[in-house]
Structures are given as structure tokens and as C-alpha cells.
Amino acid sequence: MVKITIDGKKISAKEGETVLKAAQRAGIFIPTLCNNDAVKPYSACRMCLVEVAKNGRTKLVTSCDYPVEEGIEVNTNTERIQRDRKVILELLIARTGETPELKKLAEKVGVKEVRFKVRNFDDCILCGLCVRVCDEVVGAHAIGFRGRGMEREVVPPFDVENEQCLACGACAEICPVNIIDIFEHDGTRELPKWHKKSRLVACRVCGKYFATEEEIEMIRAKTGLPDEILYVCPDCREHNFTI
Ligand code: SF4
């Protein structure tokens, strides 16, 4: 264990964990938009800035990827941090407009007005969670960043019908500002943002749609399971079906 201090509170942190994780375990709030335990830290949104003091020197770091070190003193809410966080959030709101999620965060960090011109350029905050979950968890590599500055955006390859996408919905699930629409109708699942439409597969036991054809094929390729198992939904596998 590593002994650190956060906002004056003495904490035993786990070797190798980040300052953000240690703070969260101790019930200390640090705002973040781009962090999720399912994927590696990326420090894209920079909302999780904290001050770390060590050997008499203080520096500003992103807590989501800063590992704990014996004896460090962390401050999560100094005047400097409050000021920087407000500017970061105002810039994000200037890009996206005031989405409900950003509005909630603005209230928490004390943003009362946005001092930059709101361009409402795109709803996406470029946190990269969708790209990272698709790469690191799903393994489909179906979307990525394109462009720079205000023109930067997340798109499928060549921005055309996306063959790599499994329509699994993990990206929509993880998006912190809920801008990846996912629709299900007439036995299909659609993610218009990625130009993806897939047929859904119905469970052979209960008849409920539970996965896309692409997901089933990916599981088949990875596991070699037979159709009798692949085409049965997880609920029926658990309750009605002996593998
Ligand atoms: S729905 Fe497509 S883009 Fe989104 S995580 Fe799944 S495979 Fe990737």
C-alpha cells in the first residue's frame, strides 16, 4: 500500500493505481468525462486535473493517468483547478452546446456562464470512449478520429457503410453525453452515426432478439461454439438450457 494525502485526508492507496481511482475509493469527487474502468486512461477531457505536491514542488496533472506515489499530497479543488476546469468545460460547451450531461457537470463545477462563442459545432466532446471501447474491448476497430482542431470528429472508415462494425452498441452504451443513437425495429439494429444497419438474431428458445448476425459470427470465430449454443440468448442459456 502507498500512503498519500488527498484534500488533507490521509489515504492508503493501492500500488499502481491512479490518483483518480484512489480518490474515488475514498469518496472524493473529481469530475471526469473521458474516464471509464472498461478502457485505459486517455486524459482527453482534462476535467480531472489535480495539483500534486512532491518534494516541495507542485504540479498540475490529470488524475486519471497519474499513478499514486508514496507521500504525495493531492489537492483536487484549489482556486487554480477550479478556474482551469471552468475554462475547459466552457470550451467543451462552446463546441457542443449545452447538452444535459454537460449542464449537470457545469452546475457541479460552478460554470454559471459560457464566456466563449457557442458554435454548437458537433455534439461530440471527443473523449474517445467510443473509439477506445471498440478497439480495446470489442476488438472491432470500426471507428476512429478524423481531422484536427474544431473539425476533429469520430467517423467510421471512409465515412461510408461500415463493414467492421458489429452493431454491438458498446459505443452507444459508454458515450458520456449520449449522442450515439441506436434503434431497433423490424428485426434490425441501426446506428446511423456509423452508417450501420444489422439484422438481429432471435433466440431459438424464447424467440427474443438478442444479438446481431455480426456479433454471432464474431463469437463463432473466437470460440468455435456450435449453432445450438450460439443461437440461444444468455438468459435461456442460464435458465433453460444445459450446455
Ligand atoms: S457498435 Fe460498432 S462502432 Fe460501436 S463499439 Fe460496437 S463494433 Fe464498435
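Since we're looking at a predicted model, the values are computed, not measured. (Residues numbered from 1 in each chain as written. Predicted model: local features only at pLDDT ≥ 70, side-chain atom pairs only at ≥ 80, totals over all residues. Heavy atoms only, no water.)

Asks: Looking at this structure, I do not really get the sheet that holds strand 10 (residues 196–202). What am I missing?
Replies: Think of a sheet as strands paired side by side through backbone hydrogen bonds, with each pair either parallel or antiparallel. Taken together, the four strands give an open sheet; going across it, the order is 8-9-10-11, and neighbouring strands pair in antiparallel fashion. The outermost strands of the open sheet, each flanked by one partner alone, are strand 8 (183–185) and strand 11 (209–212). Going from strand to strand, the sheet's axes swing by 35° on average, the running direction of each strand aside. Along the sheet, helix 6 (residues 213–223) contacts strand 9 (188–191), strand 10 and strand 11; its crossing angle with strand 11, the most-contacted strand, is approximately 70°. (Pairing = 2+ DSSP bridges. Helix = DSSP H or I, 4+ residues; strand = E, 2+ residues; numbered from the N terminus. Axes fitted to C-alpha atoms, helices over the stretch in contact; angles between N-to-C directions. Contact = heavy atoms within 4.5 Å.)

Asks: Hey, could you run me through the pairing of strand 3 (residues 49–54) in this one?
Replies: If a strand is regular, its side chains alternate between the two faces of the sheet. Where strand 3 and strand 4 (residues 57–62) come together, six bridges link them in antiparallel fashion. Within strand 4, the position partnered with Glu 51 by the bridge is Leu 60. Hairpin remark: strand 3 followed by strand 4, antiparallel, with two residues in the connecting loop; positive phi at Asn 55, about 50°.

Asks: When you look at the packing of aromatic side chains in this model, what are you seeing that I'm missing?
Replies: How two aromatic rings sit relative to each other is given by the distance of their centres and the angle of their planes. Scanning the entire structure with this criterion turns up zero aromatic pairs. In this structure, Arg 152 packs its charged tip against the face of Phe 145, placed 4.1 Å from the ring centre. (Phe/Tyr/Trp six-rings, centres within 6.5 Å; stacked < 30°, edge-to-face > 60°. Lys NZ or Arg CZ within 6 Å of the ring centre and 35° of its normal.)

Asks: Looking at this model, I keep getting lost on the domain arrangement of the chain. Mind explaining?
Replies: Many structure descriptions define interface size as the accessible area lost when the parts assemble. Its domain assignment divides the chain into domain 1 (2–109) and domain 2 (129–239). The C-alpha-based centres of domain 1 and domain 2 are spaced at 31 Å. Taken together, the contacts link 13 residues of domain 1 with 13 residues of domain 2. The junction of domain 1 with domain 2 conceals about 1,100 Å² of combined surface from both sides, 56% of it contributed by carbon and sulfur atoms. Where domain 1 packs against domain 2, one counts five residue pairs in polar contact (both at pLDDT 80 or more). Here the residues of the side of domain 1 that touches domain 2 are counted per class, giving seven nonpolar, three polar and three charged. (Domains from an automatic or database assignment. Buried area = accessible area lost by both parts, 1.4 Å probe. Polar contact = N/O pair within 3.5 Å; in protein donor to acceptor, adjacent residues only side chain to side chain. Nonpolar A, V, L, I, M, F, W, Y, C, P; charged D, E, K, R; others polar.)

Asks: How should I be thinking about the sheet that holds strand 3 in this particular structure?
Replies: Within the open sheet, the five strands sit side by side as 2-1-5-3-4. Their pairing is mixed. The two strands at the open ends of the sheet, each matched to only one other strand, are strand 2 (9–13) and strand 4. Each strand axis lies, on average, 30° off the axis of its neighbour in the sheet, ignoring direction. Sheet analysis places strand 1 (residues 2–6) next to strand 5 (residues 73–75), joined by two bridges and oriented parallel. Within the sheet, the bridge partner assigned to Ile 6 lies in strand 5 and is Val 74. Running at roughly 150° to strand 3, helix 2 (residues 79–96) makes contact with strand 3, strand 4 and strand 5 of the sheet.

Asks: How should the nonpolar core be read in this particular structure?
Replies: The nonpolar side chains of a soluble globular protein tend to be buried, and buried together. With 42 residues, the main nonpolar core has Leu 89 and Ile 180 as its most contacted residues. The set of elements that each furnish at least two residues to this core consists of helix 2, helix 3 (100–109), helix 4 (129–138) and helix 5 (170–174). Broken down by element, the residue count for this core peaks at six residues, all from helix 4. Summarising the domain contributions, this core has at least three residues from each of domain 1 (2–109) and domain 2 (129–239). In terms of nonpolar packing, the next biggest core, distinct from the first, is built from 21 residues, Val 2, Val 19, Val 50 and Ile 72 among them. (Core = buried A, V, L, I, M, F, W, Y, C linked by side-chain atoms within 4.5 Å. Buried < 20%, exposed > 50% of the residue type's maximum accessible area, 1.4 Å probe, protein only.)

Asks: What am I meant to see in the packing of helix 2 against helix 3 here?
Replies: A pair of packed helices is characterised by two quantities: the angle between their axes and the separation of those axes. Remark: helix 2 packs on helix 3, axes separated minimally by 11 Å, with the N-to-C direction vectors making an angle of 160°. Between helix 2 and helix 3, the angle falls in the class roughly antiparallel. Every pair of crossing elements has a handedness; the one defined by helix 2 and helix 3 is left-handed. Contacts from Arg 85, Lys 86, Leu 89, Leu 92, Ile 93 and Thr 96 of helix 2 reach helix 3 at Leu 102, Leu 105, Ala 106 and Val 109. When its residues are assigned to classes, the contact of helix 2 with helix 3 shows seven nonpolar, one polar and two charged. (Parallel < 35°, antiparallel > 145°, perpendicular 65-115°, else oblique. Left-handed = near helix turned anticlockwise from the far one by under 90°.)

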